[in-house]
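Structural features, examined
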Amino acid sequence: MKKTLFAAAAVFLWCGSALAEPQTVTLPAADYQAIINQLKALQGRVDALEHEKQSPSGKPATAALPDSKLKKDVDSIYDTLDQVQTKTLKDKINLGAELRTRVDNFHVKDHQYFTTKTPMAPGHQESNDNSWTNRFRLNMDAELLKNLKFTGRLTAYKDFSDSASPNPDVIGDSNSSHLPDGSNVKLDRAYIDWVPEGLSVPLAITFGRHPSSEGPPNEIKENRKRQSTYPSLLFDGEADGVVATLGLERYIGWKDSGLRFAWGKAYQDSDTVNAYLDSPGGLDDTNVFATFFETQLPGVDDSLLVLSALKAKDLAANFTNLFNDQNAKANLGDIDLYGIHLQAMKIMKSNFDAFLSLGLDRTHPNGQTIPSPLGPVGLLDNDGSSSHSGWAVYTGLAYTIPYVPFNNPKVGFEFNYGSEYWFSFTSGSTELYNKLAIRGDVYDLYYIQPFNEYLFARIGYTFAKYSHGLSGFQIGDPGASSEELRNAYMLMDCRF
Amino acid sequence: MKRPYRRLSAGIVLGILAAATTAAADGQAMFLEKCGACHKSGGKASVINPADKAGQVWVNYFARGRHPVDTGIAEADMKQILDFISSHAADSDQPAAAVIPK
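Just so it is clear, the model here is predicted, and its values are computed rather than measured. (Residues numbered from 1 in each chain as written. Chains lettered and ligands numbered in written order. Predicted model: local features only at pLDDT ≥ 70, side-chain atom pairs only at ≥ 80, totals over all residues. Heavy atoms only, no water.)

Details of the overall build of chain A
Inclusion rule: Here a helix means four or more residues in a row that DSSP labels H or I, a strand means two or more in a row labelled E, and each is numbered from the N terminus. The classification of residues rests on relative accessible area computed with a 1.4 Å probe and restricted to protein chains. Under 20% of the type maximum is buried, over 50% is exposed, and intermediate values are partly exposed.
Scanning chain A from N- to C-terminus turns up five helices and 18 strands. In chain A, which comprises 496 residues, the proportion classed as buried is 44%.

Printed below as a string of structure tokens:
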């Protein structure tokens, strides 16, 4: 190429000279040299361009360089993706956490409860102007297969500055994760949802420690999604068992409709030595059989209707430790529970959430009684043979204030009433007291202030007026009560 | 004299209800209307579920222009849809209850 340029330049100069023979151009030597230098510079530039154009392999270099970089980047991305996918497949469990700090200011008048002491005389008062607790929860889930899913939760719930002391109100397995009890980590729930393949009917089996606490309508007040299978007025506690759920949506067309058959144990007799023997303590197990029909109401988005029927057989009362009496244990009989629960979120596309829950109970005592500080007591009576019925209603309304600068806060009001013989399985209440077990009236007002998608505060005030005593206990004649509870509280809740 | 107060009270309650109804954000309806037009059984595109991806992944997906066709959805509507999708995404708070098979 260099030769070509020089030849061209020579020809050009010659031609220029020849053609302009009559007009000979005479250049100063410096100008001539400048032209030659420019030609050399141009030749150098052409050579450089040609060099860039040719790669060692003979392929065009201008395209080969980006291709090489692209391939390197793609390889790097694939390597990273392999690492991420490997880690994802190895990390079989997704983890989440919750932390709640709560302070209660409560005052109880005419408090009554069972202890080894004589029941408190009318006029006894208890109060605490700042009772602080911390509750930590570790949530777990894993979708092992499309039809096989694990869900679990570990909980540590404690009073401030108190890691060791057992809480005497922790009556057993059903509320061990729902009352402050030192810094021990408890198994709140751990269960498998399995939808067997190849069946002609849509059937699911759920087994393990169930999502049976903080059920509908708790999610409204807790500012979260549904947390339990069962309406809380009838069943709010930790429970082990098996549930078979038949999907009905394909048959009746109602969204999320299903029929559940549940079995669990409210009491399994054991002692510390012979934990696996049948009835080592001399009591029969308490078996709970239940059927639930649930569905979203046709035409009402985000609604829920649950019809419940539950039977607890051989209801056990084992209060040997509480009453400090080895004879204070017996099977007292059976109890039937029935319920209707209805709730709807954002009713008619408004900002109102509302619910109504009704419960009925009926006892079938077997004549047994146990000794207690009040004398012999049986199933919701003292004679051990009288059958009783009770009922309860639980209703509430919440309104999300559409005020974006305040992150759409929510106000809510709840009311529940339980009759003289009202009893259900609600010992796993999220409150420091068992609100839905109360025989009497309860008024509950709250305000929820979200700060962002993870953090919210709730302040609330509860007033409970007991008409009858021994709320939450399945033993003894309730009797009249003048107990009153006033509780103001504030909590901060972070969930992620 | 009682009747005017009753009417006034009823009017206030109805006014609050009407305001609440108007103010209610309905990202779900927007999602079903705009996205569900194509993403449905037998539709032009496959069925999608907000829980298919994490919330931020959905945001990135649209910010990077990865949707294969121009959705033609207005910016304000898209924000409502993304708010709804994010609140139901894979990393959002999920309901917990024994599963009901379809």
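So, next bit.
A word on the overall build of chain B
Spelled out, the test is: Here, residues are in contact when the closest pair of their heavy atoms is within 4.5 Å. Shrake-Rupley sampling with a 1.4 Å probe provides the accessible areas, and residues are treated as covered by the protein chains on show and by no other component.
Within chain B, the secondary structure is distributed over four helices and zero strands. The linear arrangement of helices and strands in chain B, starting from the amino end, is α-α-α-α. The buried share of chain B, reckoned over its 102 residues, is 23%. In chain B, once contacts between residues fewer than 6 apart in sequence are set aside, the share between residues at least 24 apart is 61%. When the accessible surface of chain B is summed, it comes to about 7000 Å², and 58% of that surface belongs to carbon and sulfur atoms.

Considerations on a nonpolar patch on the surface
Using the following cut-off: Patch construction takes residues with relative accessible area above 30% that form no salt bridge. Like charges are linked within 9 Å, and nonpolar side chains (Val, Leu, Ile, Met, Phe, Trp, Tyr) are linked within 5 Å. Basic side-chain nitrogens of Lys or Arg form a salt bridge, by our definition, when they fall within 4 Å of a carboxyl oxygen of Asp or Glu.
On the surface, A:W194, A:F207, A:V242, A:W263 and A:F289 cluster together to form a nonpolar patch covering roughly 460 Å² of accessible area. Using a relative accessible area of 36% as the deciding quantity, one classes A:W263 as partly exposed.

What to know about the packing of aromatic side chains
Residues and elements named next belong to chain A. Our working definition: Ring geometry is summarised as follows: Phe, Tyr and Trp rings, the Trp one being its six-membered ring, pair when their centres sit within 6.5 Å, and such pairs are stacked at plane angles under 30 degrees, edge-to-face over 60 and tilted between the two. Whether a charge lies above a ring is judged from NZ of Lys or CZ of Arg, which has to be within 6 Å of the ring centre and within 35 degrees of the ring normal.
Counted by the stated rule, this structure contains 15 aromatic pairs over all chains. Both rings, one in F352 and one in Y399, keep their centres 4.7 Å apart while their planes meet at 35°; by these two values the pair is tilted. On the criterion of sequence distance, the pair formed by F352 in strand β13 (residues 352-365) and Y399 in strand β14 (residues 389-400) is long-range, its members being 47 residues apart. With respect to burial, F352 and Y399 carry one shared label: buried. Taking the centre distance of 5.2 Å and the plane angle of 45° together, the rings of F415 and Y443 count as tilted. Pair noted here: F415 is in strand β15 (residues 410-418) and Y443 is in strand β16 (residues 440-450), with a separation of 28 residues, a long-range link. Clustering of aromatic rings is evident, with ring pairs tying together Y230, F235, F292, F423 and F425. Taking NZ or CZ as reference, R102 lies 4.2 Å from the ring centre of Y489, over its face.

Digging into helix α2 (residues 27-35) of chain B
One turn of an α-helix holds 3.6 residues; hence residues three or four places apart share an orientation. Residue and element names in this part refer to chain B. Operational definition: Comment: arc refers to directions from the helix axis out to C-beta atoms.
For α2, the full list of buried residues reads G27, M30, F31 and C35. Looking straight down α2, one finds its buried side chains confined to an arc of 100°; they lie on one side. Those residues of α2 that are exposed and aimed more than 90 degrees away from the buried face are L32 and E33. Along its buried surface, α2 packs onto α4 (75-87).

A closer look at the pairing of strand β12 (residues 333-344) of chain A
Residues and elements named next belong to chain A. To keep things clear, this is the line we draw: By the convention used here, strands pair only if DSSP detects at least 2 bridges between them.
Extensive coverage of β12 is indicated by the burial of nine of its 12 residues. Relative to β12, strand β9 (residues 303-313) runs antiparallel, the two being bridged by 10 bridges. If you follow L307 over to β12, its bridge partner there is I340. Of the pairings in the sheet, the one linking β12 to β13 comprises 12 bridges and is antiparallel in character. Considered in β13, the bridge of D336 is made with R362.

Let's talk about the packing of helix α3 (residues 55-63) of chain B against α4(B)
All names here are of chain B. Stated formally: The axes used here are C-alpha line fits, helices contributing only the stretch in contact, and every angle between their N-to-C directions lies in the interval 0 to 180 degrees. For classification, angles of less than 35 degrees are called roughly parallel, those exceeding 145 degrees roughly antiparallel, those between 65 and 115 degrees roughly perpendicular, and all remaining angles oblique. Should the near helix be turned anticlockwise from the far one by less than a right angle, the crossing is termed left-handed; should it be turned clockwise, right-handed. Gly is placed with the polar residues, together with every amino acid not listed as nonpolar (Ala, Val, Leu, Ile, Met, Phe, Trp, Tyr, Cys and Pro) or charged (Asp, Glu, Lys and Arg).
Contact pair α3 / α4: the axes reach a minimum separation of 8 Å and the direction vectors enclose 150°. By the angle class used here, α3 and α4 are roughly antiparallel. Taken as a pair, α3 and α4 cross one another with a handedness that is right-handed. Contacts between α3 and α4 involve G55, W58, V59 and F62 from the former and M78, L82, I85 and S86 from the latter. A class-by-class count of the residues in the contact of α3 with α4 yields six nonpolar, two polar and no charged.

A few points about α3(B)
Residues and elements named next belong to chain B. G55, W58 and Y61 are the residues of α3 that are buried. Buried residues along α3 cover an arc of 120° about the axis, so they all sit on one side. Turning to α3, the residues buried within the fold contact α4.

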